[in-house]
Amino acid sequence: MAHERAEVSADEQGLLFTDDVSPLPNDVGYRGPTACNAAGITYRQLDYWARTGLIEPTVRGAKGSGSQRLYSFRDILILKIIKRLLDAGVSLQQIRTAVTHLRERGTDDLTRVTLMSDGASVYECTSNDEVIDLLQGGQGVFGIAIGGVWREIEGTLAELPSERADAPAAAETSAADELAARRAARKIG
């Protein structure tokens, strides 16, 4: 009920950010190094977060040695939000809670959200009033407007390579080609 009230309130007062954002297709993914570049994290962080289930690639997961994970635009958005929360001193436990909540939300209204934090807890605000209430109550110290992060990542990813989910990973393709060449040589010889 409070969520519906907040949405109505946001519609009446205007959004915290009003620029339109355009989601990318779900079948386009970005390899780990590209995701790291766009999110501003190290590959080691990305790998650890994937192994511990904090954020797993939704386009294509790793399937054994040599396969390439592919991260969606939304995955990279969440990676960048995690990075910002970590930089602000929010605990990984609180970040896990926030990420679980963001995953459960639809992408449609994600850009309406501003995450506020006092460094210990993370709060979701969908209207100017909610932001003001948090600040007046002394809880909010910093905020992350997801729409702003969305646009930053759109700009970064526009210049970085992507690949389609149905395309085989380079390591898989070269292994298959090498195997085919060995079989052909064995039949000839």
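Before going into details, it helps to say that this report is about the structure given with it. This structure is a prediction, so every number in the text was calculated from the model and none was measured. By convention here, each chain's residues receive numbers from 1 onward along its written sequence. Residue-level local features of this predicted model are given only where pLDDT is at least 70; pairs of side-chain atoms are given and counted only at 80 or more, and the full residue set underlies all totals for whole chains, interfaces and linings. Side-chain measures were taken over the full set of non-hydrogen atoms in the model, leaving aside hydrogen atoms and water.

Re the overall build of the protein
Helix and strand definitions follow DSSP, with helices as H or I runs of at least four residues and strands as E runs of at least two, each counted in order from the N terminus. Counting its regular elements, the protein contains 8 helices and 6 strands. Scanning the protein from its N terminus toward the C terminus, one meets helices and strands in the order α-β-α-α-β-α-α-β-β-α-β-α-β-α. Counting the 189 residues in the protein, one finds 37% classified as buried. Every accessible area reported is derived by Shrake-Rupley at a probe size of 1.4 Å, with residue values counting cover from the shown protein chains alone. When the accessible surface of the protein is summed, it comes to about 10400 Å², and 50% of that surface belongs to carbon and sulfur atoms. For every residue, the accessible area (1.4 Å probe, protein chains only) is compared with the maximum for its type, and the residue is labelled buried under 20%, exposed over 50%, or partly exposed between those bounds.

A closer look at the sheet that holds strand β6 (residues 163-164)
Strand order across the open sheet formed by 3 strands is β2-β1-β6, with antiparallel pairing between neighbours. The open sheet terminates on both sides in strands that have one partner only, identified here as β2 (70-71) and β6. As judged from the 2 bridges shared by strand β1 (residues 28-31) and β6, these two strands associate in the antiparallel manner. Bridging across to β6, Val28 finds its partner in Arg164. A pair of strands is labelled paired if DSSP reports no fewer than 2 bridges between them.

Observations concerning the pattern of salt bridges
In the sections that follow, a salt bridge refers to a side-chain nitrogen of Lys or Arg positioned within 4 Å of a carboxyl oxygen of Asp or Glu. Tallying each qualifying case throughout the model produces 7 salt bridges. With a shortest N-O distance of 3.0 Å, Asp47 and Arg51 are connected by a salt bridge. With Asp47 and Arg51 both in helix α3 (residues 43-51), this residue pair falls 4 residues apart, about one helical turn. Notably, a salt bridge pairs Arg69 with Asp47, separated by 3.0 Å at the nearest N-O pair.

Topic: the packing of α3 against helix α4 (residues 73-87)
To describe two helices that pack against each other, one gives the angle between their axes and the distance between the axes. Note on geometry: axes are lines fitted to C-alpha atoms, helical ones only across the stretch in contact, with angles between N-to-C directions running from 0 to 180 degrees. Look at α3 against α4: their axes get within 12 Å of each other, and the N-to-C directions meet at 105 degrees. In terms of axis orientation, α3 runs roughly perpendicular to α4. Touching Gln45, Leu46 and Trp49 of α3 are Leu79, Ile82 and Leu86, all from α4. Side-chain classes follow a simple rule in which Ala, Val, Leu, Ile, Met, Phe, Trp, Tyr, Cys and Pro form the nonpolar group, Asp, Glu, Lys and Arg form the charged group, and the remainder, Gly included, forms the polar group. Class assignment of the residues belonging to the contact of α3 with α4 gives a composition of 5 nonpolar, 1 polar and no charged. An angle below 35 degrees is read as roughly parallel, one above 145 as roughly antiparallel, one from 65 to 115 as roughly perpendicular, and any other as oblique. Residues are treated as being in contact if the distance between any of their heavy atoms lies within 4.5 Å.

As for the nonpolar core
Note on terminology: a nonpolar core comprises buried Ala, Val, Leu, Ile, Met, Phe, Trp, Tyr and Cys residues joined through side-chain atoms within 4.5 Å. Of all hydrophobic cores here, the largest spans 35 residues; its most connected members are Ile76, Leu77, Leu79, Ile81, Ile82 and Ile146. Sorting the residues of this core by element identifies β1, α2 (32-39), α3, α4, α5 (92-104), β5 (142-145) and α7 (146-157) as the ones contributing at least two each. At 8 residues, α4 tops the list of elements feeding residues into this core. In contact with Ile81, not counting residues within four places along its chain, are Leu102, Leu115, Ile144, Ile146 and Val149.

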